[in-house]
Amino acid sequence: MAQKTAIVCGAGGFIGGHLVNRLKDEGYWVRGVDLKENEWGNMNADDFVLGDLRDPQVCARLFDRPIDEVYQLAADMGGAGYIFTGEHDADVMHNSALINLNMAKLCVEHKVKKVFYSSSACIYPAYNQQDPNNPKCSEDSAYPAMPDSEYGWEKLFSERLYLAFMRNYGLNVRIARLHNIFGPQGTWRGGREKAPAAICRKVAMAKDGDEIEIWGDGNQTRSFLYIDECIEGIRRLMESDFPGPVNIGSEEMVTINQLVDMVCEIAGKRLKKRHDLTKPQGVRGRNSDNRLIREKLGWAPSMPLKEGLRRTYAWIEQEVQRWLREKAREEAASIA
């Protein structure tokens, strides 16, 4: 049997880097592409293209050989500090839409056998996520559409783009709505990190008895999915006959305050919370609804949140200590 070939768009990022490694483990020939290389070095692509997927010529050069599968994870994105301020809306919509417009067309032209598109739980209507205890995020609840961010609107547009290419041109697509993916080798500082990484960083940097800042009142609810289960879900979806969209997320819903308490327990620290109501909070409640993924794939994520946090905290604590040592050396050198 001939070796399968795949392109991973966004391979320099968190999920993309882990996905490249999984595909390599399965025996694929993999080409990664991104604006940046993977900063953690967790990527074993056979070929890596450093390029801007907004440029149609860069995209076209990726197809110099027959490609079986394309995984489109590239997007202009970040955590609440990037998505919900409103300062990046135009760039988020423009940049991500261009990437998807380019890739959908080229996948048809080059007869790619399967295309995965990573959508987001951010497409779900804000009006169904106002009750923190009873959010509604079943796949069929996406319409009437009212995402809470322009990031969510672009994701929803691109879902429809790929489905239109499937109807009109026979493009074999798979679409997953990912819910708050976290784990080692993800962004943990700089403003684009997600809540679990931000909280792990704050706890790791705090001394026992300190106070840490929490965005909002901490009663907003979310579920968080560990990276390994995200990758497993993506691969299972690609091997299935179901195009989606389908949720890939955890159903273990917690408040942000509970998330902080879990990380503090893992770290063995007693910390006070200082709630900042001026910071972006997103919707009041969000949780994955896994009925459809169980029905279509016979599988759903099952790792307890605390286990994923334990692994993630250990990695972030290590990174924090390394960063502090480097900072101390730089300060010492500047004084000398």
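The structure displayed is predicted, hence computed values, not measured ones. Residue positions are given per chain, counting from 1 as you read along its sequence in written order. Per-residue local features are limited, in this predicted model, to residues with pLDDT of at least 70; the limit for side-chain atom pairs, both in listing and counting, is 80 or more; totals at the level of whole chains, interfaces and linings are taken over all residues. To get the side-chain values, take all heavy atoms of the structure and skip hydrogens and water.

Some words on the overall build of the protein
On a plain count of helices and strands, the protein comes out with 10 helices and 13 strands. When we talk radius of gyration, it's over C-alpha atoms, and the globule rule is simply 2.2 Å times the number of residues to the 0.38. Against the 2.2 N^0.38 benchmark of 20 Å for 336 residues, the protein shows a C-alpha radius of gyration of 20 Å, consistent with a compact globule. Projected onto the principal axes, the alpha-carbon positions of the protein cover approximately 60 × 55 × 40 Å. Any residue under 20% of the maximum accessible area for its type is buried, any over 50% is exposed, and the rest in between are partly exposed; the area is computed with a 1.4 Å probe on protein chains only. Sorting the 336 residues of the protein into buried and exposed places 54% on the buried side. Strands here mean DSSP runs of E at least two residues long; helices mean DSSP runs of H or I at least four residues long; both are numbered from the N terminus.

Looking at the nonpolar core
Nonpolar side chains in soluble globular proteins tend to be buried together. In this description, a nonpolar core means a group of buried Ala, Val, Leu, Ile, Met, Phe, Trp, Tyr and Cys residues linked to one another through side-chain atoms lying within 4.5 Å. Counting residues in each nonpolar core, the largest one holds 59 residues, and the members touching the most others are V8, I15 and Y71. Note on contacts: a residue pair qualifies if any of its non-hydrogen atoms lie within 4.5 Å across the two residues. In contact with I15, other than residues within four places in its own chain, are L73, L178, I181, I227, C230, I231 and I234. In terms of nonpolar packing, the next biggest core, distinct from the first, is built from 26 residues, C9, C59, L62 and Y117 among them.

What about the packing of helix α8 (residues 256–267) against helix α10 (residues 305–335)?
Closest axis-to-axis distance for the α8/α10 pair is 10 Å, and the angle between their directions is 55°. Classified by the angle their axes make, α8 and α10 are oblique. As α8 packs across α10, the resulting crossing turns out to be right-handed. Facing α8, whose interface residues are L259, M262, V263, E265, I266 and A267, α10 presents L305, K306, L309, R310 and Y313. Put simply, Ala, Val, Leu, Ile, Met, Phe, Trp, Tyr, Cys and Pro go in the nonpolar bin, Asp, Glu, Lys and Arg in the charged bin, and everything else, Gly too, in the polar bin. The residue inventory of the contact of α8 with α10, partitioned by class, reads eight nonpolar, no polar and three charged. Note on method: axes are straight lines fitted to C-alpha atoms, helices fitted across the in-contact stretch only, with angles between N-to-C directions ranging 0 to 180 degrees. Any angle between 65 and 115 degrees counts as roughly perpendicular, while under 35 counts as roughly parallel, over 145 as roughly antiparallel, and the rest as oblique. Should the near helix be turned counterclockwise from the far one by less than a right angle, the crossing is left-handed, whereas a clockwise turn marks it as right-handed.

With respect to the packing of aromatic side chains
Any two aromatic rings considered together are summarised by their centre-to-centre distance and by the angle between their planes. Aromatic rings from Phe, Tyr and Trp, with only the six-membered ring used for Trp, were paired whenever their centres fell within 6.5 Å, and each pair was classed as stacked if the ring planes differed by under 30 degrees, edge-to-face if by over 60, and tilted otherwise. Enumeration over the complete set of coordinates arrives at five aromatic pairs. Ring plane angle 25° and centroid distance 4.9 Å describe the contact between Y117 and Y162, whose orientation is recorded as stacked. Of this pair, Y117 sits in strand β5 (residues 114–120) while Y162 is found in helix α5 (residues 150–169), placing the two residues 45 residues apart along the sequence. In this pair, the class of Y117 matches that of Y162, namely buried.

Focus on the environment of W323
You can see W323 is positioned in helix α10. On the basis of relative accessible area, W323 is assigned to the partly exposed category, the value being 22%. Beyond its immediate chain neighbours, meaning those up to four positions away, W323 contacts W188, R189 and M205.

Some words on the sheet that holds strand β11 (residues 246–248)
Strands were regarded as paired on the criterion that DSSP finds at least two bridges between them. Across the sheet, seven strands lie side by side as β3-β2-β1-β4-β5-β6-β11; this open sheet has parallel pairing. Looking at the sheet topology across the chains shown, the edges are occupied by β3 (47–50) and β11. Adjacent strand axes in the sheet meet at a mean angle of 20° when their direction is disregarded. As judged from the three bridges shared by strand β6 (residues 173–178) and β11, these two strands associate in the parallel manner. Following the sheet pairing, L178 is matched in β11 by I248. Relative to strand β4 (residues 69–72), helix α4 (residues 89–109) is tilted by about 170°, and along the sheet it contacts β1 (5–9), β4 and β5. Across the face of the sheet, α5 comes into contact with β4, β5 and β6 while running at roughly 155° to β5.

A few points about the side chain of Q129
On the secondary structure map, Q129 appears in the loop between β5 and α5. Engagement of the side chain of Q129 in a polar contact is seen with the backbone oxygen of Y124, the distance being 3.1 Å. Excluding residues within four positions of it along the chain, Q129 makes contact with Y124, C137, V283, R284, G285 and R286. Polar contacts here mean pairs of N or O atoms no more than 3.5 Å apart (in protein, one a potential hydrogen donor and the other a potential acceptor; neighbouring residues in sequence count only if both atoms are side-chain atoms).

With respect to the side chain of R235
Along the chain, R235 falls in helix α7 (residues 227–239). Using a relative accessible area of 4% as the deciding quantity, one classes R235 as buried. A distance of 2.7 Å separates polar atoms of two side chains, one belonging to R235 and the other to E26. Ignoring sequence-local partners within four residues, the contact set of R235 consists of L19, R22, L23, E26, Y28, E69 and Y71.

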